[in-house]
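# Results of the structural survey
Chain by chain, the residues:
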Amino acid sequence: MIQQINHTIIGLPASGKTTFLAALWHLIEADEINTRLKLAKFEGNREYINQITKLWRSCEKVPRNSGPAEMNISIWVNETGTGHQAKLNFPDLSGESFDLQISTRQCRDTYFESLNGNGGIMLFVTADRRQDDLTHSHLPMFSQADADNGVSKNNESEHEGNAKSLKDWKHDDIPKQVKLVELLQFIQRPPFPRSRRRLAVMVSAWDVLDDSDFAQDPRQWLKLNMALLDQFLENNSDCFEVRVYGVSAQGGDLDASKEKLLQKQPSQRVICVGDDVLEHDLTAPIHWLMTDL
Amino acid sequence: MGICANPDCNVGETGNCSEGHDPLASCPFYGKEIENDQEYDDLEDEGASEDVIEEDVNNSQKGGFIGLPSGEALNEHQANDFVWRRPIRLIAIVGEQDSGKSTLINCIYFKFMQGTFADYSFAGSDTLVGFERRMHLWRIKSGIKRPDTKRTSLADGIQFLHFSLGNVKGDDRRIDVFLTDRSGEKYRRVMDGIDNIGEIFEIAKADKLVFLLDGAKVSTPAKRANATASVRQMLKLFIDEGVIDKRTCVQVVTTKIDCIEKLEGDDKVHVYEFLSNFERQLQDRFEQQVAELRFFKVSARDPDNHFEPAYHVDDLFASWLDSRSAVFPVPGIEDLPLRRQFDLLLARTPMENIP
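Values in this document were obtained by computation on a predicted structure and should not be read as measured data. (Residues numbered from 1 in each chain as written. Chains lettered and ligands numbered in written order. Predicted model: local features only at pLDDT ≥ 70, side-chain atom pairs only at ≥ 80, totals over all residues. Heavy atoms only, no water.)

### Quick notes on the overall build of chain B
Helix and strand counts for chain B come out as twelve helices and nine strands. Among the 355 residues that make up chain B, the fraction classed as buried is 51%. For chain B, contacts bridging at least 24 residues in sequence account for 71% of all contacts bridging at least 6. (Helix = DSSP H or I, 4+ residues; strand = E, 2+ residues; numbered from the N terminus. Buried < 20%, exposed > 50% of the residue type's maximum accessible area, 1.4 Å probe, protein only. Contact = heavy atoms within 4.5 Å.)

Structure representation (structure tokens):
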């Protein structure tokens, strides 16, 4: 039976969505390694997908899909083993469009329609991140730092100093994990239909964690680095059935290791860590999203 | 060579996007033709505006767009709409200006950003933007040199900050909590008889009524007596006016105890003795007139980082979510005329009686 399944990609700018798509396309098109899903046919902007995949194969940085344009890419795949065929629709939404949801508090009705179906969600976050919610409480012995810099303890001059350096708040200041919680909360409420969806959290740039304790435990990474999002997912299991995957589409640092990466067969550069994942198989999270539907 | 709807782009001649998009197909205007500049402006403006839409346009559709919740702190009407949908715990936080009301709210949000807190875990919030606005002066990216909390404006009226929480200990029950945030100036105006006590309606409706006593003032001899007098007088006024009674759970929280702890020797001892005496006096005078009277000492945020954020706030927060109900049932509640929608909060059934 041919099932048409629409998966939705959610992810803020620079979260690795476009590079993932480039690597995924190569994996299922080149058929170099074992993958759970195999290519049947492609629909959509072929020029775009060819351009980004070409860059990826050459170990070049894949530019972000900037601007509010939506690149609708559909891939027909066969499920290895069962022979079931499915159409995977990836509205490659610009990360900027999700930032705009946060700041303008509105979304396109095409986004709403894409979530009306029976597919899952791939939520992209990056492991290669700066902490964007740092407070002065994170700084050890702040008062000592003040003394070293000659900051006056006098309240009046403190307020004057604060006033001079203070920037106005804007929606863009909201930390990424808070934005992601907001994006998920949006789709829990009308007019979005209330349903339980599978949600694959894709922690991209996983190669930066090679030597860390989390190297094989993406859920633990999420718990420690995006604690608010992790708690939210844990407590909303009636809406989201969650798996967390660590993925590196590039396989390493292009600036430091490009020559080494170029020696590998492209498919074998890919890193994918998580439940039921064959080595290098970026289709595993997509396969999980579509099984038991 | 391609075509582009941007009249300023020469991609057809140069092969390069004037806005730097690469690949070209990623440009929203590439490959499109526009007949006039007005259509280009429409394309550029569609979804590109970053102006905040101030009016809540939840569920409204405007020209291909769907409105989303604002995420701001709730006003009275929005809070009442919420209560129609789900029961809540209402925690009314009361105190003079700079007693630490907003800082207390911030530190709880700060802790949930890092993980579970007081055996509760974050399950969602309708007011994340409200929290984030308040957190701005804590964050390094604000550019501020020394952490601060923005003073709540009298003009803002009352605002409600919302947490939806799960219990870490495995109970599947979700608890929705509203924390009130109102300018201390309002409470001062009511104390001075300038404003009507009925305007601070959250006092009568609260599951927990939390008075904040400014520990920084307590640690200062010249300000100590007035600081405690303010709490005592507010409590007496609320009891005398009948807005709180034997159904009310009252807490007196001394904030900024980092200021007291920084005192040395006899000064510190003397302050703690003074506090003990004050708490004992409140107990003797008011304990029999309310459901319960408890005391806490906390440091929400020590600017000098000698105390961790939310020091002892976990015990306070857990007490807000305990299952203690009012000692006496609400008499004659069925006879209350519900003139305003928000009167629903007056008619709220205690949570323990909800099946």
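After that view, the rundown keeps rolling.
### Regarding the overall build of chain A
Scanning chain A from terminus to terminus reveals twelve helices and ten strands. With 293 residues in all, chain A has 56% of them scored as buried. Sequence separation of 24 or more characterises 78% of the internal contacts of chain A that already satisfy a separation of 6 or more. Just so you have it, chain A exposes about 12500 Å², and 45% of that area is on carbon and sulfur atoms. (Areas by Shrake-Rupley, 256 points an atom, 1.4 Å probe, with all protein chains shown as cover.)

### Remarks on the environment of tryptophan 56 of chain A
Residues and elements named next belong to chain A. Mapped onto the fold, tryptophan 56 is located in helix 2 (residues 46–57). Take tryptophan 56: its relative accessible area is 0%, and that puts it in the buried class. The spacing of tryptophan 56 and leucine 262 is 206 residues in sequence and 11 Å in space, taken between C-alpha atoms. Apart from the residues lying within four places of it in its own chain, the contact partners of tryptophan 56 are Thr19, Ala22, Ala23, His26, Val62, Ala249, Gln250, Pro266, Ser267, Arg269 and Val270. For tryptophan 56, the side chain forms a polar contact with the main-chain oxygen of alanine 249, separated by 2.8 Å. (Polar contact = N/O pair within 3.5 Å; in protein donor to acceptor, adjacent residues only side chain to side chain.)

### A short note on the sheet that holds strand 8 (residues 249–255) of chain B
Residue and element names in this part refer to chain B. Ordered by their spatial adjacency, seven strands build an open sheet running 4-5-6-3-7-8-9, and the pairing between neighbours is mixed. Looking along the sheet, the strands with just one partner apiece sit at the ends: strand 4 (120–124) and strand 9 (292–297). If you compare each strand with its neighbour and ignore which way they point, the axes differ by 30° on average. In terms of strand pairing, strand 3 (residues 89–94) meets strand 6 (residues 174–181) through three bridges, oriented parallel. Bridged to leucine 90 within strand 6 is phenylalanine 178. (Pairing = 2+ DSSP bridges. Axes fitted to C-alpha atoms, helices over the stretch in contact; angles between N-to-C directions.)

### Side note on the packing of aromatic side chains
Residues and elements named next belong to chain A. Inspection of the entire model under this criterion finds 19 aromatic pairs over all chains. On the basis of an interplanar angle of 55° and a centroid distance of 4.9 Å, the ring pair of tryptophan 25 and phenylalanine 42 is categorised as tilted. Here tryptophan 25, found in helix 1 (residues 17–30), pairs with phenylalanine 42, found in strand 3 (residues 37–44); they are 17 residues apart in sequence, far enough to count as distant. Exposure class is identical for tryptophan 25 and phenylalanine 42. Each is buried. Each ring, one from phenylalanine 112 and one from phenylalanine 192, has its centre 5.3 Å from the other, and the planes form 70°; the classification is edge-to-face. Highlighted residues: phenylalanine 112 in helix 4 (residues 109–114) and phenylalanine 192 in the loop between helix 7 (176–186) and strand 8 (197–204), separated in sequence by 80 residues. Judged by relative accessible area, which is 15%, phenylalanine 112 ranks as buried. For the cation-ring pair, arginine 269 lies above tryptophan 56, with the distance from its terminal atom to the ring centre recorded as 4.3 Å. (Phe/Tyr/Trp six-rings, centres within 6.5 Å; stacked < 30°, edge-to-face > 60°. Lys NZ or Arg CZ within 6 Å of the ring centre and 35° of its normal.)

### A look at the sheet that holds strand 2 (residues 8–11) of chain A
Backbone-to-backbone hydrogen bonds join strands into a sheet, with any given pair of strands oriented parallel or antiparallel. All names here are of chain A. An order of 2-7-8-9-10 is seen for the five strands of this open sheet, with the pairing classed as mixed. Either end of the sheet is taken by a strand with one partner, and the two such strands are strand 2 and strand 10 (271–273). This sheet shows a mean twist of 25° between the axes of neighbouring strands, independent of strand direction. Pairing geometry for strand 2 and strand 7 (residues 121–126), over four bridges, is parallel. What sits directly across from glycine 11, in strand 7, is phenylalanine 124.

### Description of helix 4 (residues 101–114) of chain B
Since one α-helical turn is 3.6 residues long, residues separated by three or four positions face the same way. Residue and element names in this part refer to chain B. Between its first and last C-alpha atoms helix 4 spans 21 Å; for 14 residues at 1.5 Å apiece the expected length is 20 Å, and the two agree. By the criterion of burial, helix 4 is predominantly enclosed, with 13 of the 14 residues buried. Backbone geometry just after helix 4 places glycine 115 at a positive phi near 155°. (Expected span 1.5 Å × (residues − 1).)

### Structural notes on empty space enclosed by the protein
A water-sized probe rolled over the atoms picks out the places where empty space is left. Residues and elements named next belong to chain A. Within this structure, the stated rule accounts for six cavities of 30 Å³ or more. There is about 60 Å³ of room inside the second largest cavity. Along the walls of the second largest cavity sit Leu12, Pro13, Ser15, Phe124, Val125, Thr126, Lys176, Leu180 and Met226, which together make up its complete lining. Residue assignment for the lining of the second largest cavity shows that the elements contributing at least two residues are strand 7 and helix 7. The dominant element in the lining of the second largest cavity, judged by the number of residues it contributes, is strand 7, at three residues. Looking at the lining of the second largest cavity, its residues break down into six nonpolar, two polar and one charged. (1 Å grid on protein atoms, 1.4 Å probe; cavity = no way out; pocket = protein on both sides within 12 Å on 5 of 7 lines; lining within 4 Å. Points joined across faces, edges and corners; volume = space filled by probe spheres on them. Nonpolar A, V, L, I, M, F, W, Y, C, P; charged D, E, K, R; others polar.)

### Quick word on the confidence of the model for chain B
Residue and element names in this part refer to chain B. A residue-level look at chain B finds 74% of positions with pLDDT of 70 or above and a mean pLDDT of 82. This model gives residues 325–343 a pLDDT under 50, and the stretch forms 25 contacts once residues within four places in sequence are excluded. Segment residues 349–355: pLDDT under 50, and eight contacts once partners within four positions in sequence are set aside and those in other chains are kept. Predicted complex metrics record ipTM = 0.89 and pTM = 0.82. (pLDDT = per-residue confidence, 0-100.)

### Looking at the packing of helix 7 of chain A against helix 9 (residues 227–235) of chain A
Two quantities define a packed helix pair, namely the angle between the helix axes and the distance between the axes. Residues and elements named next belong to chain A. At a closest axis distance of 8 Å, the pairing of helix 7 and helix 9 adopts a crossing angle of 25°. Compared by their axis directions, helix 7 and helix 9 come out roughly parallel. Crossing of helix 7 over helix 9 shows left-handed handedness. Of the residues in helix 9, those touching helix 7 at Gln177, Val178, Leu180, Val181, Leu184 and Gln185 are Ala227, Leu228, Leu229, Phe232 and Leu233. Class assignment of the residues belonging to the contact of helix 7 with helix 9 gives a composition of nine nonpolar, two polar and no charged. (Parallel < 35°, antiparallel > 145°, perpendicular 65-115°, else oblique. Left-handed = near helix turned anticlockwise from the far one by under 90°.)

### Things to note about the nonpolar core
Counting residues in each nonpolar core, the largest one holds 78 residues, and the members touching the most others are Leu184 of chain A together with Ile108, Phe112 and Trp320 of chain B. With eight residues, helix 4 of chain B is the largest single contributor of residues to this core. Ignoring sequence-local partners within four residues, the contact set of tryptophan 320 of chain B consists of Arg89, Ile91, Ile93, Leu104, Ile108, Leu179, Lys208, Val210 and Gln251 of chain B. (Core = buried A, V, L, I, M, F, W, Y, C linked by side-chain atoms within 4.5 Å.)

### As for the pattern of salt bridges
A full pass over the atoms with the stated rule returns 40 salt bridges over all chains. Salt-bridge contacts for lysine 170 of chain A lead to aspartate 173 of chain A; the nearest nitrogen and oxygen are separated by 3.2 Å. Salt-bridge contacts for arginine 243 of chain A lead to aspartate 275 of chain A; the nearest nitrogen and oxygen are separated by 4.0 Å. With arginine 243 of chain A in strand 9 (residues 240–248) and aspartate 275 of chain A in the loop between strand 10 and helix 12 (283–290), this pair connects stretches of sequence that are 32 residues apart. Shared partners join several salt bridges into a network, and the residues in it are Lys186, Arg189, Asp195 and Glu199 of chain B. (Salt bridge = Lys/Arg side-chain N within 4 Å of Asp/Glu carboxyl O.)

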